[in-house]
Protein chains: 4
Amino acid sequence: MLLESLRAEVLESNLELVRRGLVLYTFGNASGVDREQGLVVIKPSGVDYDDLRPEHMVVTDLNGKIVEGNLRPSSDLDTHTLLYREFPTIGAVVHTHSEYATSWAQAGLDIPALGTTHADYFYGPIPCTEPLTDEAIAGDYVHETGLAIVRRFRANPSGSTSQAAVPGDATHAASAGGRMSPDPSGFAIDPLAVPACIVAGHAPFAWGRTPHEAAHNAVVLEYVAKMAYRTVTLQAEAGVSQSLLDRHYFRKHGAKATYGQK
Amino acid sequence: MLLESLRAEVLESNLELVRRGLVLYTFGNASGVDREQGLVVIKPSGVDYDDLRPEHMVVTDLNGKIVEGNLRPSSDLDTHTLLYREFPTIGAVVHTHSEYATSWAQAGLDIPALGTTHADYFYGPIPCTEPLTDEAIAGDYVHETGLAIVRRFRANPSGSTSQAAVPGDATHAASAGGRMSPDPSGFAIDPLAVPACIVAGHAPFAWGRTPHEAAHNAVVLEYVAKMAYRTVTLQAEAGVSQSLLDRHYFRKHGAKATYGQK
Amino acid sequence: MLLESLRAEVLESNLELVRRGLVLYTFGNASGVDREQGLVVIKPSGVDYDDLRPEHMVVTDLNGKIVEGNLRPSSDLDTHTLLYREFPTIGAVVHTHSEYATSWAQAGLDIPALGTTHADYFYGPIPCTEPLTDEAIAGDYVHETGLAIVRRFRANPSGSTSQAAVPGDATHAASAGGRMSPDPSGFAIDPLAVPACIVAGHAPFAWGRTPHEAAHNAVVLEYVAKMAYRTVTLQAEAGVSQSLLDRHYFRKHGAKATYGQK
Amino acid sequence: MLLESLRAEVLESNLELVRRGLVLYTFGNASGVDREQGLVVIKPSGVDYDDLRPEHMVVTDLNGKIVEGNLRPSSDLDTHTLLYREFPTIGAVVHTHSEYATSWAQAGLDIPALGTTHADYFYGPIPCTEPLTDEAIAGDYVHETGLAIVRRFRANPSGSTSQAAVPGDATHAASAGGRMSPDPSGFAIDPLAVPACIVAGHAPFAWGRTPHEAAHNAVVLEYVAKMAYRTVTLQAEAGVSQSLLDRHYFRKHGAKATYGQK
């Protein structure tokens, strides 16, 4: 059996998504690549996580041609293989419909970098792709999904701010991979410095150098997406309602306080 | 004992609702229909889920007349049987007060189709019924609840946009049942293409071809209702607060950045 | 040992609050009353729920004088006993700082009756008390908390709408207790028809005819508080952003659709 | 081995954070100080919580010099030791990226004191630091984080309301530590009366007299942060939508009611 060790890692990465609550039923898949052999190991489609065994994993080449395995690979295979071909530094890809990251994707918004939890893993906002066109959707949809991700990393959408690609001090982002030097491939965003993307109207993809790291990044992505949701809704409300906060504060403190300790 | 296999399926469908957290105490019920015999199997009313056994299920005809069983059937029986009579393609019905779908029902709003998780199961918005009239509430309330659902599928409420009933490309919705061809019964919305409805001021009903599928659809309905809630609140705030997002972004990036890596 | 059966019921009621996630650490307490003997059984203060045994329960008279027990009773005892004296039809009281009901209490807002889940248990909004005055807080605080609750049921706050006390058709509320007839004690809100109140800036109290029912009502109160929070925030946003919903809808449907199936 | 008892307490405090869901992966750390010996016991960096044993704890002096232990201490050590040096009354420090407290930190807002759950532990708002400057971030970042916290307790930020430091009646706050007398060290906020701070764009720190108390305070901080989030968002919406609440109310009650019991 080919790639026994990578099969086990990819399986474990799939199970980590389940343990962390990122996956409902069979929504989600993980894969890994062996760069030397040019082979991809990916979860089969629609098998219950409880039943998954290393031997169920499907092995394909970098164009998605099945090399070993009797089961059909994940229906998102073509997105995975495109990412492996276009992002030469990554070693594993994870796709989920995790709740908060998907909500940002459905809103069509980048997840802003609002704190150090985010910055520890992602050097800048998590980009959201442009919506797919009618032609892309009617065409090779899964492949087009990968293209939309790649476009977002090669260049920013028109009208948007350019993202810092060459940081001078990578203290925080180092743990995410540390590949902070100017990218020779001409990426606007280094895929290892921002190891995730959300697809507009769809859901997140995350990646890393190993299956373990890709799953870990997907879990942290969901965590920062959740806190970003709360930060943005909180701040918008608090902006509207500073007078409300003041009213509460003075209700409890000072000469006219009507609450709590006198 | 009649319909042993269907009893087991209906029981399992009820238990799936509990396992997935859709049910508090005894809020919720599932049923299935045997079309050949014209018999319905439904959960008894108010029995703890821990104690439910196949022999507790109640068997009725399509008008709700009890054919076998000593326990009282679910108090929502008349909604279930009406749906079986009016939607000839469905084989099972599930009712819950699951948190997010019920919140949309209480808000009196259709759950908009905001992403592929939704589109994988529901071909268009999950419709919300019109509020019941005083007469309907004072009358045959449970039956009227079913009528409100059926009206919503037979025609859209006045002033609303007509929904696509005859899609040309059913890639995504196929997994929901695939009955995408023009509906000979004259439905505005095909009940198998959109296998759920939320009742205004009440809660969701979902259905499918089998008890397993109906429960599965109810679970996914709750999941998409949750993500739709977050998408709508996020997007409304973000629209209000684009300047806020900008301020955060520039606080962290560019010449005037005051946050994170220099 | 006095009241062995009631001790067991009160203990079980306390544990139900923990099982349902309504209690953090030792926040929360339940009690029951024996009307014939005029004795109250209440949880002791600050004992871990894991260690609670029936013999730890404290027995007091209706004025809070300890009759049996070596442990100090819950610090909220005076609120419980006041409710027993003022609401002659109730048999048990529960207090928690459950998350959503407390958030409504902190907001100082009644929990509106937005759906049938609410109406199945509470015949009208869950009232929120007026804020306590400086004098009340500096005075007999726990007793004053009870008075604020009782005032809310005896009369509505000035300027507010009077609540229906004499419903003609109690179909839904029947399961909450059913005492729908005109209240001879002159309550504006019948305590058994609306078996809960939230104390402004504090948290909820719930009650019922038995300890089991009081805990059950507290659990449902938290559930309806949660759904009311989401309904109100959703509807406010959706009102702001109907154009947003429309944009989404038309992005996915009709001639100019750019999403999903063509 | 030095400080066996304190090691066990610090370990237990770290594990309590995990049990209460405040920690994802290895985000979070707790420490304790032995004031007589001037020694700090702190969690090692990046060790899985499942594998943590008392002997893994690292012992340092009050300047962070390692006295005993083979593992690297938590990377936040310099914040912990600074707090021990500057806040002489505290005996333990806890740091987490717990979801709601971190969301408030990311929003850059104090957590307002909105109810008695808060007041039982924190005598006034949980202060949020000023954002760190470029120089602080590029400099001794972890130390600067501690300085930002200390500055917030020594004096309020310009333009803000002064906080009550000398309450006359400490009924509620007593359980948080009770050190309510005028602080001889000249703090604007007594660190034992408000035993937590959130660092802008980062996350919370909490403390107490013992490791047990510090972890307990961190858990309650997250709980009150969660309820404050909901209170503020609810109240802002409800302010916007009082007419909405009215509409619901009258839909269900009075002569024109269209909902529920007639």
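Please refer to the structure placed before this passage.
All values reported here derive from a predicted model rather than from experimental measurement.

### Some points on the packing of aromatic side chains
Argument step 1. This model, assessed by the stated rule, comprises 32 aromatic pairs over all chains.
Argument step 2. Both rings, one in A:F153 and one in A:W207, keep their centres 5.4 Å apart while their planes meet at 65°; by these two values the pair is edge-to-face. Here A:F153 is found in helix α6 (residues 141–154), whereas its partner A:W207 is found in strand β7 (residues 204–208), with 54 residues between them in sequence. Here A:F153 and A:W207 have matching classes, each one buried.
Argument step 3. Ring centres of C:F27 and D:Y223 lie 6.2 Å apart, and the angle between their planes is 75°; this geometry places the pair in the edge-to-face category. Taken together, the positions of C:F27 in the loop between α1 (4–19) and β1 (29–34) and D:Y223 in helix α7 (residues 211–240) put the pair across two chains.
Argument step 4. What makes D:Y223 buried here is its relative accessible area of 8%.
Argument step 5. Each residue in the set A:F27, B:Y121, B:F122 and B:Y223 is aromatic and connected to the rest through ring pairs, giving one cluster.

### What to know about the layout of surface pockets
Argument step 1. The calculated volume of the largest pocket comes to roughly 1,200 Å³.
Argument step 2. Residue lining of the largest pocket: 47 residues in total, with A:R230, B:Y100, B:R230, C:R230 and D:R230 positioned closest to the centre.
Argument step 3. Looking at the lining of the largest pocket, the elements with two or more residues in it are α3 (99–107) and α7 (211–240) of chain A, α3 (99–107) and α7 (211–240) of chain B, α3 (99–107) and α7 (211–240) of chain C together with α3 (99–107) and α7 of chain D.
Argument step 4. Grouping the constituent residues of the lining of the largest pocket by class yields 18 nonpolar, eight polar and 21 charged.

### Describing the sheet that holds strand β4 (residues 66–68) of chain C
Residue and element names in this part refer to chain C.
Argument step 1. If you trace the seven strands from one edge of the open sheet to the other, you get β4-β3-β2-β1-β5-β7-β6, paired in antiparallel fashion. On the outer flanks of this sheet lie β4 and β6 (196–198), each paired with one strand and no other. The average angle at which neighbouring strand axes cross in this sheet is 25°, direction not considered.
Argument step 2. Relative to the sheet, α1 contacts β1, β2 (39–42), β3 (58–61), β4 and β5 (92–95), its axis offset from that of β1 by approximately 155°.

### A short note on the side chain of A:D34
Residues and elements named next belong to chain A.
Argument step 1. Considering the arrangement of structural elements, one finds D34 in strand β1 (residues 29–34).
Argument step 2. At 8.4 Å, R35 is the nearest oppositely charged side chain to D34, a buried residue that forms no salt bridge.
Argument step 3. At a separation of 3.1 Å, a polar atom in the side chain of D34 contacts the main-chain amide nitrogen of E36.
Argument step 4. There is a polar contact of 2.8 Å between the side chain of D34 and the backbone nitrogen of Q37.
Argument step 5. In this structure D34 touches L3, L6 and L39, once residues within four positions along its chain are discounted.

Cut-offs used in this document
- Numbering of residues starts from 1 in each chain and follows the order in which that chain's sequence is written.
- In the order they appear in the text, chains get letters beginning with A and ligands get numbers beginning with 1.
- A pLDDT threshold of at least 70 governs which residues receive local features in this predicted model, and a stricter bar of 80 or more applies before side-chain atom pairs are shown or counted, although totals over entire chains, interfaces and linings include all residues.
- Only hydrogens and water are set aside when side-chain values are computed; all heavy atoms of the structure are taken into account.
- We call Phe, Tyr and Trp rings a pair once their centres come within 6.5 Å, taking the six-membered ring for Trp, and we label the pair stacked below 30 degrees between planes, edge-to-face above 60, and tilted otherwise.
- Starting at the N terminus, helices and strands are each numbered in turn, a helix being any DSSP run of H or I of at least four residues and a strand any DSSP run of E of at least two.
- Each residue's exposure class comes from its accessible area (1.4 Å probe, protein chains only) as a fraction of the maximum for that residue type: buried when under 20%, exposed when over 50%, partly exposed otherwise.
- Of the grid points, spaced at 1 Å and generated over the protein atoms alone, those admitting a 1.4 Å probe that cannot get out make up cavities, while open sets with protein on both sides within 12 Å along at least five of seven lines make up pockets; any residue with an atom within 4 Å of a point is treated as lining.
- Grid points are joined across faces, edges and corners, and a volume is the space filled by probe spheres set on the points.
- Polar here means any residue outside two lists: the nonpolar Ala, Val, Leu, Ile, Met, Phe, Trp, Tyr, Cys and Pro, and the charged Asp, Glu, Lys and Arg; Gly therefore counts as polar.
- In this description, strands pair whenever DSSP reports at least two bridges between them.
- All axes are obtained by fitting lines to C-alpha atoms, using only the stretch in contact for helices, and the reported angles, taken between N-to-C directions, cover 0 to 180 degrees.
- Two residues qualify as a contact provided that any one of their heavy atoms is within 4.5 Å of a heavy atom in the partner residue.
- For the purpose of counting charges, residues Lys and Arg are taken to be positive, whereas Asp and Glu are taken to be negative. His and the chain ends are not included.
- What makes a salt bridge here is a side-chain nitrogen of Lys or Arg within 4 Å of a carboxyl oxygen of Asp or Glu, nothing more.
- We call two N or O atoms a polar contact when they sit within 3.5 Å, provided that within protein one can donate a hydrogen and the other can accept it, with sequence-adjacent residues counted only if both atoms are side-chain atoms.

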